[in-house]
Amino acid sequence: MATLKEILTRRPVAATIRLTVPSGGARPAPPVGPALGQYRLNLMAFCKDFNVRTQKYKPDTPMSVTITAFKDNTFESTVKSPSVTWYLKKAAGIESGSGRPGHVEASTVTLTHVYDIAKVKQSDPYCQYMSLESICKSIIGTANTMRT
């Protein structure tokens, strides 16, 4: 339960913005500019922060970012690693999953690939308390859905 001080110092949230931006490619142009501009947020501050946080990834890797905009025109951003489907497509060497899941397989992925993807996803804020085994099971379920 939150303390009284935390409740009194909370800033009112104006919006929560979710974007997919290429790593190292945040610019004040669409899609970032219009999404943040309508809440009067500092575009350059976000772009510089995002590009610094994603410089360890290869360029043009799609990164998911959640931006919490506050009413006083400040923001907080959380950057997640690329989606599991993106990693599975790269590991399998395909552009998209099966056109007919359940009937046609697009490709195959080894357990080594699954383990490597799970190690990367373990650093995500939403997966940091999950065991490596449960992350692997989730990735295998995603791969079955895609028929890779």
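- Looking at an unreviewed UniProt entry, the protein carries the name Mitochondrial ribosomal protein L11, with the source organism given as Salix suchowensis.
- The Sequence similarities (unreviewed entry) field of the UniProt record for the protein holds the comment "Belongs to the universal ribosomal protein uL11 family."

1. Overview of the pattern of salt bridges
Here is step 1: For the structure shown, the criterion picks out four salt bridges.
Here is step 2: The shortest N-O distance in the salt bridge between arginine 53 and aspartate 49 comes to 3.1 Å. Remark: aspartate 49 and arginine 53 occur in helix α3 (residues 43–53); sequence separation between them is four residues, near one turn of the helix.
Here is step 3: The exposure class of arginine 53 is partly exposed, given its relative accessible area of 37%.
Here is step 4: You can call aspartate 49 partly exposed: its relative accessible area is 31%.
Here is step 5: The salt bridge involving lysine 121 is made with aspartate 124; its shortest N-O contact spans 3.0 Å.
Here is step 6: When its relative accessible area of 9% is taken as the criterion, lysine 121 is described as buried.
Here is step 7: Of the residues examined, aspartate 124 reaches a relative accessible area of 5% and is grouped as buried.

2. Some points on helix α6 (residues 132–146)
Here is step 1: Compared with the 21 Å implied by 1.5 Å per residue over 15 residues, the 21 Å span of α6 between its first and last C-alpha is a close match.
Here is step 2: Among the residues of α6, those classed as buried are Leu132, Ile135, Cys136, Ile139, Ala143 and Met146. The buried residues of α6 occupy one face: seen down the axis, they fall within an arc of 100°. Projecting away from the buried face of α6 at angles above 90 degrees are the exposed residues Glu133, Lys137 and Thr145.

3. Description of the packing of aromatic side chains
Here is step 1: In total, this model carries three aromatic pairs according to the counting rule given.
Here is step 2: When the centroid spacing of 5.4 Å and the interplanar angle of 70° are considered together, the rings of tryptophan 86 and tyrosine 87 count as edge-to-face.
Here is step 3: An aromatic cluster is defined as three or more aromatic residues linked by ring pairs; in this entry it consists of Phe46, Phe50 and Phe75.
Here is step 4: Sitting over the face of the ring of phenylalanine 70, arginine 11 holds its NZ or CZ atom 3.9 Å from the ring centroid.

4. Focus: the UniProt feature "domain: Large ribosomal subunit protein uL11 N-terminal" (unreviewed entry) in the protein
Here is step 1: When the UniProt feature table is mapped to this numbering, "domain: Large ribosomal subunit protein uL11 N-terminal" (unreviewed entry) covers residues 17–75.
Here is step 2: The straight-line gap between the two end C-alpha atoms of residues 17–75 is 10 Å; of that span, 29% is helix and 27% is strand.

5. With respect to the UniProt feature "domain: Large ribosomal subunit protein uL11 C-terminal" (unreviewed entry) in the protein
Here is step 1: When the UniProt feature table is mapped onto this chain, "domain: Large ribosomal subunit protein uL11 C-terminal" (unreviewed entry) is found at residues 80–146.
Here is step 2: What you have in residues 80–146 is 52% helix and 1% strand, and the ends, taken at the C-alpha atoms, are 21 Å apart.

6. So, the sheet that holds strand β1 (residues 13–22)
Here is step 1: As summarised here, the arrangement of the three strands in space is β1-β2-β3, forming an open sheet in which the pairing is antiparallel. With partners counted over all chains shown, the strands left at the sheet margins are β1 and β3 (75–80), one partner each. Averaged over all adjacent pairs, the angle separating strand axes in this sheet is 20°, with direction ignored.
Here is step 2: As defined by bridge partners, strand β2 (residues 62–70) adjoins β3 across six bridges and the pair is classed as antiparallel.

7. Side note on the side chain of lysine 121
Here is step 1: Structurally, lysine 121 is set in helix α5 (residues 111–121).
Here is step 2: Not counting residues within four places of it along the chain, the set of residues in contact with lysine 121 comprises Ser81, Pro82, Ser83, Val84, Tyr87, Cys127 and Ile135.

Criteria and cut-off values
- Residues numbered from 1 in each chain as written.
- Predicted model: local features only at pLDDT ≥ 70, side-chain atom pairs only at ≥ 80, totals over all residues.
- Heavy atoms only, no water.
- UniProt positions renumbered as here; feature names shortened; annotations may be inferred.
- Salt bridge = Lys/Arg side-chain N within 4 Å of Asp/Glu carboxyl O.
- Helix = DSSP H or I, 4+ residues; strand = E, 2+ residues; numbered from the N terminus.
- Buried < 20%, exposed > 50% of the residue type's maximum accessible area, 1.4 Å probe, protein only.
- Expected span 1.5 Å × (residues − 1).
- Arc of directions from axis to C-beta.
- Phe/Tyr/Trp six-rings, centres within 6.5 Å; stacked < 30°, edge-to-face > 60°.
- Lys NZ or Arg CZ within 6 Å of the ring centre and 35° of its normal.
- Pairing = 2+ DSSP bridges.
- Axes fitted to C-alpha atoms, helices over the stretch in contact; angles between N-to-C directions.
- Contact = heavy atoms within 4.5 Å.

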